[in-house]
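Structural characterization, general
Spelled out from the first residue to the last, the chains are:
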Amino acid sequence: MTERNEQRTALVTGAGGGMGREIAHQLIARGVRVAIADINAAGLAETAAAGDGVAHLPGDLTREGAAETAVSAVAERWGRIDILVNNAGYGVIEPFLEMTLKSWERTLGINVTALAMLTVAAGNAMKAAGRGRIVNITSPASRMALPNYAAYSASKAAVDSITRAAAVALAPHGVLVNSLAPGMMDTEMQRSTEATMARMEGRDDFETFLAERTRRIPLGRRAEIAEVAAAVVWLALDAPDYLVAERLNMSGGLDKD
Ligand SMILES: NC(=O)c1ccc[n+]([C@@H]2O[C@H](COP(=O)([O-])OP(=O)(O)OC[C@H]3O[C@@H](n4cnc5c(N)ncnc54)[C@H](O)[C@@H]3O)[C@@H](O)[C@H]2O)c1
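Rules of the game
- Residues numbered from 1 in each chain as written.
- Predicted model: local features only at pLDDT ≥ 70, side-chain atom pairs only at ≥ 80, totals over all residues.
- Heavy atoms only, no water.
- Domains from an automatic or database assignment.
- Contact = heavy atoms within 4.5 Å.
- Buried area = accessible area lost by both parts, 1.4 Å probe.
- Salt bridge = Lys/Arg side-chain N within 4 Å of Asp/Glu carboxyl O.
- Polar contact = N/O pair within 3.5 Å; in protein donor to acceptor, adjacent residues only side chain to side chain.
- Helix = DSSP H or I, 4+ residues; strand = E, 2+ residues; numbered from the N terminus.
- Buried < 20%, exposed > 50% of the residue type's maximum accessible area, 1.4 Å probe, protein only.
- Arc of directions from axis to C-beta.

What to know about the domain arrangement of the chain
If you check the domain split of the chain, you get domain 1 (3-183 + 223-249) and domain 2 (185-222). Summarising the inter-unit geometry, the C-alpha centres of domain 1 and domain 2 are found 25 Å apart. The interface is formed by 18 residues belonging to domain 1 together with 10 residues belonging to domain 2. Between domain 1 and domain 2 lies a buried interface of about 1,000 Å² when both sides are counted; carbon and sulfur atoms form 68% of it. When residues of domain 1 are sorted by the area they lose upon contact with domain 2, Ile93, Ala223 and Ile225 head the list and together hold 46% of the total. Where domain 1 meets domain 2, there are one salt bridge. As a salt-bridge pair, Arg221 and Glu227 come within 2.7 Å of each other at their nearest N and O atoms. Our enumeration of links across domain 1 and domain 2 arrives at two residue pairs in polar contact (both at pLDDT 80 or more). Elements with a contribution of two residues or more to the side of domain 1 that touches domain 2: α2 (18-29) and α9 (225-238). Ranked by residues supplied to the side of domain 1 that touches domain 2, first place goes to α9 with three residues.

In structure tokens:
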């Protein structure tokens, strides 16, 4: 544990599984005191088993007041919040002309509104302290035309927009806001999304379907969850203080600017 990281505290959303769990574990390994929030309470308990003193914050982050409650819980427990990783996310595949209000509300509720409210709550606490780092998880999808994944891609375009606005609003107060776009990682979310895509396209050769999608990645392989999480941790702890309003592409060349 380095002295620099000794006192730092972080809130990682969506840490009940997938990449959020790995981000939490890597931050814990660096000596950061971590609070984890997720709607999946059982998943949170599994994540928390990795470290002593991990604060669990189970619940739906889209509920009114949930963002403020999560941020206050961290500040009350440790007296400060240094890092927010807005990682929780949701996406559903549905054909453009069959899109429903329910799926738009669910997708935008967590990917956009909760992320914005968490950024406001943590941003205010960080502004008062004169320091902090916020990392938002976006997606290559935000810049693609995806007729069967429109709510998700629109929600991630909104994440890019919020990241830029928050970066400008908070930079004068010593708070750095950046984002990271992961490539295809084999998490539960990605696997179920691709299974639905395959079904919709009438493909019963799932492994071939996956291999075709992997071949589109210039590096020729999917991302390891740990390597993407390491880049999130770099933004949260190690990136130079002059790096702000950046979108870091960790997609093996899928995203090119
Ligand atoms: N897996 C990929 O290939 C990929 C690619 C690009 C971007 N992403 C993004 O990376 C992030 C992590 O995704 P993942 O692949 O680990 O998926 P995941 O489904 O494993 O993790 C997302 C987590 O968010 C939680 N969550 C969802 N709705 C919530 C709510 N209302 N309140 C609280 N928690 C909620 C889920 O319970 C889950 O644990 C997401 O923002 C996702 O959009 C993933």
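Quick notes on helix α8 (residues 206-215)
Listing the buried residues of α8 in full gives Phe209, Leu210, Arg213 and Thr214. Angularly, the buried residues of α8 cover 140° about the axis, an arc narrow enough to put them on a single face. In α8, the exposed positions that point more than 90 degrees away from the buried face belong to Glu207 and Arg215. Here the buried face of α8 lies against α7 (188-200).

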